[in-house]
Amino acid sequence: MIPRHFVIAIAVLLIAVLALSGYAWHMRKTAASTPVASTDTRPLAPPIAGPSEQVTLFVAHDTDGSLRAESAQIPMPSGRQQRAEELLRALLSLYLDKSSPHVLGAGAEVRAVFLVDPGVAVIDLNSAFADKHRSGVLVEELTVASLIHTISANTPGIQKVKILVDGNERDTLAGHADLSSFYDVTAVNQLATQLQSTQ
Amino acid sequence: MPWTSPKRAPTAGVPRSAGVPPAIAGASRPRWPAASLLAAFFLAMMLSSVLSGAPPENHLSVYSVAANYSLPIVQRDGRQYVGLLEVLEPLGKVSAKSEKWGWRLRYNNVEGDFQVGKTHARVQGRDADLGGRFLEENNRGLVPVTSLTSLLPRFLGGPATLHEESGRLFIGSVATHFTASLTADNPPRLVFHFTSPVNPSIATEPGALRMTFSREPLVAPASPTLTFGSKAIPSAIYSEGNGMAVLTVNASIPVIASFSTDGRTVTISPTATSAAASPPPPSPNPSTSVAPLATTTQPTPATSTPPPTTIAPGRRYFAVVDASHGGDDLGETLSNTLFEKDVTVALARSLRQELESRGIPTLVLRDSDASLSLDQRASLANAGHAAIYIALHAASNGRGVRVYTALLPFGGDDRGTFRSWTSAQHASLPLSQSAANAVAAEMQRRQIPVRTLAAPLRPLNNVIGAAIAVEVAPQGPDSSQLTAPDYQQLVTSAVATAIAATRDQLGAAQQ
């Protein structure tokens, strides 16, 4: 004969196991149905303070392989370096939009821009920018020309530009556009003129 | 583990210590019966045969950035084995320890555990297939040679390529490539250009000159047999075996080899006697003098052959076609099953055919799924002084064809007459733009949408002669058009026609 208290204890444990199983199943279902953010969208820096200014962004368009000048009103800080960073971030926000004419991979960011006298700009992109970039001569060239022409047109005095990825040198953006050397701003501006004509 | 000369078994004759009775040498003694002499002779022949048939000791040649070395290969269980510790020793800090449960090897911070008789090992906690049993002999860990291609990347963090049949192991991108071209002299000279200095051992025999590369990571051209269309030097054959690469130049005249440009160039020339005895030159035909890599030059059609006066003496007029990407570099993924590197090879082959049908000898830099660095591509184009370098790309984005010339980087560190590598294209840029415009005009004539642009695209800026890149996109939304032979031929035919039309200009620039 099994003691009564032993039977009660087993019954209680069985009920507890069943209840916990049900709860675990419920939690798993809830977790599966909750969308996970693909990128960390938490802010890292305070909002930019400064008066809004009208700037010209040179936006790449994949449909006809062109670069088009577009005006934008963005808050601009007073520092020269911070202004350059905000310009490129404004440009990237266009590219990261779903309806962008030149889509960049999710999570693409400009980590920093450094302006070094005389006339040197260093653009530091994050790895998502390069790793998720589409491959192709024209599509990569449009990105590079867009970044460099936008920063040089709005920041006088820049003669050469170096592009880094996560603070390191990289051979190419996505297999084609060379990132190993300094870009000659004069040559890129001539290229931008070529790209603004779709012929 | 220095380089060692392979030990060879005697190939002929009977060694003195071979056990042949001294009486054999006494054949002159008249009292020996003829039957005994005959028996002794057959015994000697059999012994000689056995000795000469002994297998030579096999070696594994290892080529890496850190060191080039040779290791003995041993046969176990019908497989080729090599000591793993010995393979890794010249490459970094390595130690091995025999434990109760097996054998542990540590290379820098990577640990591998091996158990005798097991066909799998654990490297950094991950399973590694050895393709054969692990063996331990005198505390030496032996692994099948074939397992090195999977084991070494785990330890070294980089790729390793094994030429199993010839016993040659390449760690990283260390391969030395070469081109071969015949000069227009009479009798001609065969010039080999290598991407790195070489120092082969050279042997001559009637009808052939053999260069043996035991220390150099020389790799095969697209085709092992190079033909030159010359009676004096009709062909050269590349082969590999027992850790060595061999280039055999077939020649109907006595030839000698000479080295220049710090060992990067080897010139096979007729000896003085054969040069003096050669007949006077026939009518000049400059375009048939080049046979780079796997290209077999074709007779030049009379209609497309320019006057020979446009070519500088000693300079060959030929084009270099570069199928971009290759190996691990896939280029753009055009569809789930189609990579840019595959389309560019097909385009390169088509363009070679189109150029050669117009009398322009063509060197295709990549005719297989090989991996070539951008520097190697530029070096190969520059070494042969190609009249034009054409890089081929494919893209799903956009429509039609884009023709690019170099967008030169800022400045460059030119020192006097020495040009910077990054802006080597500078002097030839107008010529490149002229060629690009000619290609674009021909595309337009054929109603193919086309644009000409500058592009920051290596190695265009490293090429010293005319250099363009052609990026081919489909004419519609369907990327599969890129694989259609008729579309490929439409594009390559237009490029070849334009290059042939600018031949005078490009050839003059070579002078």
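Here goes a summary of the coordinates provided. Every value quoted in this text rests on a predicted model; they were computed, and no experiment measured them.

Side note on the overall build of chain A
Stage number 1. Looking only at helices and strands, one finds five helices and six strands in chain A.
Stage number 2. Element order for chain A, N to C, with α for helix and β for strand: α-β-β-α-β-β-α-α-β-β-α.
Stage number 3. A buried classification covers 32% of the 199 residues belonging to chain A.
Stage number 4. Taking as baseline every contact in chain A between residues at least 6 positions apart, the subset at least 24 positions apart corresponds to 66%.

Overview of the environment of B:Ala383
Residues and elements named next belong to chain B.
Stage number 1. Summarising the element assignment, Ala-383 is placed in helix 6 (residues 374-383).
Stage number 2. For the pair Ala-383 and Ile-464, spaced 81 residues apart in sequence, the C-alpha to C-alpha distance is 9.6 Å.
Stage number 3. In this view, Ala-383 contacts Thr-179 and His-193; residues no more than four positions away in its chain are not counted.

As for the packing of helix 7 (residues 429-445) of chain B against helix 8 (residues 485-501) of chain B
Residue and element names in this part refer to chain B.
Stage number 1. Here helix 7 crosses helix 8 at 130°, and the two axes come no closer than 8 Å. By the angle between their axes, helix 7 is oblique relative to helix 8. Crossing angle aside, the handedness with which helix 7 passes helix 8 is right-handed. Between helix 7, through Ala-435, Ala-438, Val-439, Ala-441, Glu-442 and Met-443, and helix 8, the contact on the second element is made entirely by Ala-494, Val-495, Thr-497, Ala-498, Ile-499 and Ala-501.
Stage number 2. Grouping the constituent residues of the contact of helix 7 with helix 8 by class yields 10 nonpolar, one polar and one charged.

Considering the sheet that holds strand 1 (residues 59-63) of chain B
Residues and elements named next belong to chain B.
Stage number 1. On the basis of which strands lie adjacent, the open sheet formed by four strands has the order 2-1-13-12 and mixed pairing. The strands lining the two open edges of the sheet, one partner per strand, are strand 2 (68-72) and strand 12 (160-163). Each neighbouring strand pair of the sheet contributes to a mean axis angle of 20°, computed without reference to strand direction.
Stage number 2. Here four bridges tie strand 12 to strand 13 (residues 168-171), and the two strands are oriented antiparallel to one another. If you follow Leu-162 over to strand 13, its bridge partner there is Leu-169.

Let's talk about the packing of helix 2 (residues 80-95) of chain A against helix 4 (residues 137-154) of chain A
Residue and element names in this part refer to chain A.
Stage number 1. Put simply, helix 2 and helix 4 touch, their axes get as near as 10 Å, and they point 140° apart. When the axis of helix 2 is compared with that of helix 4, the two are oblique. Seen along the crossing, helix 2 lies across helix 4 with a hand that is right-handed. Residues Ala-84, Leu-87, Leu-88 and Leu-91 of helix 2 lie in contact with helix 4, whose contacting residues are Ser-146, Leu-147, Thr-150, Ile-151 and Asn-154.

Quick look at the sheet that holds strand 4 (residues 120-125) of chain A
Residues and elements named next belong to chain A.
Stage number 1. The strand order 3-4-5-6 describes an open sheet built from four strands, whose pairing is mixed. One side of each edge strand has no neighbouring strand; the edge strands of this open sheet are strand 3 (110-116) and strand 6 (183-184).
Stage number 2. The strands touched by helix 2 are strand 3 and strand 4; relative to strand 3, the strand with the most contacts, the crossing angle is about 145°.

Description of the nonpolar core
As a rule of thumb, nonpolar side chains are buried together in soluble globular proteins.
Stage number 1. By size, the foremost hydrophobic cluster in this structure holds 110 residues, and its most contacted members are B:Ala319, B:Ile390 and B:Val439.
Stage number 2. Counting residues per element, this core draws most heavily on helix 4 of chain A, which supplies nine residues.
Stage number 3. In this structure, B:Ile390 is in contact with B:Ala319, B:Val321, B:Asp322, B:Leu351, B:Ile468, B:Val470 and B:Val495, ignoring residues within four places of it in sequence.
Stage number 4. If you look at the next biggest cluster of nonpolar residues, it comprises 30 residues, including B:Phe192, B:Met211, B:Val219 and B:Ile233.

So, how was this worked out
- Residues numbered from 1 in each chain as written.
- Chains lettered and ligands numbered in written order.
- Predicted model: local features only at pLDDT ≥ 70, side-chain atom pairs only at ≥ 80, totals over all residues.
- Helix = DSSP H or I, 4+ residues; strand = E, 2+ residues; numbered from the N terminus.
- Buried ≥ 20, exposed ≤ 12 C-beta atoms within 10 Å, placed from the backbone.
- Contact = placed C-beta atoms within 7 Å.
- Axes fitted to C-alpha atoms, helices over the stretch in contact; angles between N-to-C directions.
- Parallel < 35°, antiparallel > 145°, perpendicular 65-115°, else oblique.
- Left-handed = near helix turned anticlockwise from the far one by under 90°.
- Nonpolar A, V, L, I, M, F, W, Y, C, P; charged D, E, K, R; others polar.
- Pairing = 2+ DSSP bridges.
- Core = buried A, V, L, I, M, F, W, Y, C linked by C-beta atoms within 7 Å.

None of this, on its own, says anything about what the molecule does.
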